[in-house]
Amino acid sequence: MSSTTPTTPLAGGLLTSDHRDILAAADEYARNVLFPFQQRMDDEEWWPSEVFPSLGAQGYLGVQAPEAYGGAGLDLLSEGMVGQAISRWNPAVGLSYLAHENLCLGNLLANADDALLQRFAPGLIDGSLVGALGLTEPGAGSDALGGMRTTAVRDGDEYVLNGTKIYITNGPIADVVLVYAKTDLAAGPRGITAFLVETTTPGFSVAQKLIKMGLRGSPTGELLFEDCRVPAANRVGEEGSGVAVVMNGLDRERVCLAFSCLGLAERAIDLTIAYAQDREQFGSAIGSFQMVAAMIAEMYADVESLRSMTLDVATEVGNTAFGVAHQHIATRSAALALVAGNNLMRILDKAVQVHGGMGFMWETEVNRLYRAGKLYEIGAGTNEVRKSIIASNLLATRAR
Ligand SMILES: Cc1cc2nc3c(=O)[nH]c(=O)nc-3n(C[C@H](O)[C@H](O)[C@H](O)COP(=O)(O)OP(=O)(O)OC[C@H]3O[C@@H](n4cnc5c(N)ncnc54)[C@H](O)[C@@H]3O)c2cc1C
C-alpha cells in the first residue's frame with residue numbers, strides 16, 4: 001500500500017450523501033495538498049504561509065459562515081468533517097485550522113455585531129487573515145475564568161488591555177486574536193469581556209514561540225498585551241458577556257476536537273493495518289499473530305465507537321442554538337471530548353506497539369501521530385475538567 005492510500009471507510013451510516021461528498025472532497029484535498037507538508041513541518045517547526053489562502057480558496061474557511069460574508073453557509077457537521085480530513089493527513093494544520101475556523105471565526109460569527117463581522121469575516125474566510133483565540137494565561141489554565149489576570153479598562157472610545165496569554169495556537173502568525181479580559185475585577189467570571197485584537201496594534205507582541213513535542217508545525221505562542229489600546233468597536237458582545245462566549249464556544253470546540261481525533265485515529269489504523277500486512281517475523285506477516293490481530297481489532301472498535309458518538313453529538317449540538325439547553329449540550333460535548341481523547345490515545349499506543357522499534361522512531365508518521373495525540377487529552381479542557389463538567393451536571397440535575 002502506498003503511504004497515502006485511503007483504506008478506512010470515511011463516513012458513518014448516519015451521514016447524508018451531501019456530507020459524504022464534503023468529507024470525500026476534503027479528504028482528497030488534504031491528501032494531495034497538505035500531506036506533503038507534514039514531515040518538514042514537524043522536523044523544522046515550519047508553517048507554510050500558503051496554507052490559509054489555499055484553505056480559503058478551496059472553500060474550507062467559514063464553512064458555517066453566512067454567504068453574505070463569503071462563507072459556505074453549511075452546518076457544524078460539515079465543518080467538523082473538513083477538520084477530520086485535514087487532521088487525518090496533516091494533524092498540525094488540523095490544529096491551526098481548529099483555532100482559526102472554530103475558536104476565532106466561529107465565536108465571532110456567534111457573538112460579534114455585523115459591523116465587526118463586515119470588517120474581519122471576509123478576510124478570515126478567504127484566508128488573507130489568520131485568526132487565534134487567547135483565553136489561557138500562565139496562572140489560569142483549567143481555571144481560565146476564575147484565574148484570569150488580563151484586564152481591559154475603558155478609556156473613551158478604547159479599551160486598554162494588559163496581561164499575558166499562553167499556549168495560543170496560531171499566536172505567532174495571527175493577524176487577529178479573540179482575547180478575553182476582565183473589564184470588572186470585582187465581578188469574577190461575570191466581569192469577563194471578549195475583544196478582537198489586531199496584532200499590528202501597538203502594545204501587542206509575541207513574547208515567544210513555544211517548542212512542542214507534537215503538532216510542531218502548528219505555531220503556538222505566548223502573547224503580551226502592554227497598554228494595548230483596542231477600539232471599543234472591537235468588543236465582541238456586551239461588557240461582561242465573555243463567560244457565555246467562552247462556554248458556548250467550548251461546546252462546539254469539543255465537537256470539532258472529536259472530529260480531529262477521528263482523523264488522527266483513522267490514519268493510525270490505516271498505517272497499522274498496512275504495516276501488519278507487510279512486516280514479516282518468524283516467516284509470517286505480523287498481522288497473522290493473534291496478539292497483533294487483537295490490537296487491530298480493538299483499534300477498529302475504538303475508531304468506530306468514536307465515529308458514532310462524534311456524529312451523534314455533533315448533530316445534536318449543531319441543531320441547538322447557542323445558549324439553548326446549555327447544561328445538556330455541555331455535558332454531552334464534554335463526554336464526547338473525553339471519549340475522543342481516551343480512544344485516540346488507546347489507538348495510538350497500539351499503533352506504535354504494532355510498529356515495534358519503527359514506531360519509536362521520530363521521523364515515522366505513526367510516531368508523529370502519537371506525539372500529536374496527547375494534546376487531545378489536554379486542550380479544550382483537560383480530561384479531568386471534562387469529567388468534572390459531566391459529573392457536576394449529572395449530580396446537579398438528576399432527581400433523588
Ligand atoms: C498545543 C496547545 C495548544 C493550545 N491552544 C490554545 C489556544 O489556542 N487558546 C487558548 O486559550 N489555550 C490554548 N491551550 C491551552 C489549554 O487549553 C490548556 O493547556 C488547558 O486548558 C490546561 O490548562 P493548563 O495547561 O494551565 O493546566 P492546569 O490547569 O495547570 O492543569 C494541570 C493538571 O491539573 C489538573 N487539574 C487542574 N484543575 C483541576 C481540578 N479542579 N480537578 C482535577 N484536576 C485538575 C489538570 O487536569 C491537569 O492534569 C493550548 C494548549 C496546548 C498544549
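Treat the numbers as computed from the prediction; the structure is a model and nothing was measured. (Residues numbered from 1 in each chain as written. Predicted model: local features only at pLDDT ≥ 70, side-chain atom pairs only at ≥ 80, totals over all residues. Heavy atoms only, no water.)

## Some details on the domain arrangement of the protein chain
Now for step 1: Domains assigned within the protein chain are domain 1 (17-130), domain 2 (133-236) and domain 3 (242-397).
Now for step 2: Contacts between the two partners involve 13 residues from domain 2, matched on the other side by 13 residues from domain 3.
Now for step 3: Approximately 1100 Å² of surface area, both sides summed, lies buried where domain 2 meets domain 3, with 74% of it carried by carbon and sulfur atoms.
Now for step 4: Area buried by domain 2 at its contact with domain 3 is led by Leu-145, Met-213 and Leu-215, which between them contribute 42% of it.
Now for step 5: For the pair domain 2 and domain 3, the number of links is 2 residue pairs in polar contact (both at pLDDT 80 or more).
Now for step 6: The greatest single-element share of the side of domain 2 that touches domain 3, amounting to 3 residues, is contributed by strand β5 (residues 192-198).
Now for step 7: Partitioning the side of domain 2 that touches domain 3 into residue classes produces 8 nonpolar, 3 polar and 2 charged. (Domains from an automatic or database assignment. Contact = heavy atoms within 4.5 Å. Buried area = accessible area lost by both parts, 1.4 Å probe. Polar contact = N/O pair within 3.5 Å; in protein donor to acceptor, adjacent residues only side chain to side chain. Helix = DSSP H or I, 4+ residues; strand = E, 2+ residues; numbered from the N terminus. Nonpolar A, V, L, I, M, F, W, Y, C, P; charged D, E, K, R; others polar.)

## With respect to the packing of helix α4 (residues 76-89) against helix α8 (residues 290-318)
For any two helices packed against each other, one specifies the crossing angle of their axes together with the interaxial distance.
Now for step 1: The contact between α4 and α8 brings their axes to 8 Å, and the two run at 140°. With respect to α8, the axis of α4 lies oblique. Across the interface between the two elements, Leu-76, Leu-77 and Gln-84 of α4 pack against Arg-307, Leu-311, Ala-314, Thr-315, Val-317 and Gly-318 of α8.
Now for step 2: Residue composition of the contact of α4 with α8, grouped by class: 5 nonpolar, 3 polar and 1 charged. (Axes fitted to C-alpha atoms, helices over the stretch in contact; angles between N-to-C directions. Parallel < 35°, antiparallel > 145°, perpendicular 65-115°, else oblique.)

## Notes on the state of the cysteines
Now for step 1: One pass over the full model with this rule turns up 0 disulfides.
Now for step 2: There is no disulfide at Cys-228, and the cysteine sulfur nearest it, in Cys-104, is 15 Å away.
Now for step 3: In this structure Cys-228 comes out as buried when scored by relative accessible area, which is 0%. (Disulfide = S-S within 2.5 Å. Buried < 20%, exposed > 50% of the residue type's maximum accessible area, 1.4 Å probe, protein only.)

## Topic: the UniProt feature "domain: Acyl-CoA dehydrogenase/oxidase N-terminal" (unreviewed entry) in the protein chain
Now for step 1: Per the UniProt record, "domain: Acyl-CoA dehydrogenase/oxidase N-terminal" (unreviewed entry) is found at residues 16-127.
Now for step 2: Helix makes up 71% of residues 16-127 and strand 0%, with an end-to-end C-alpha separation of 28 Å. (UniProt positions renumbered as here; feature names shortened; annotations may be inferred.)

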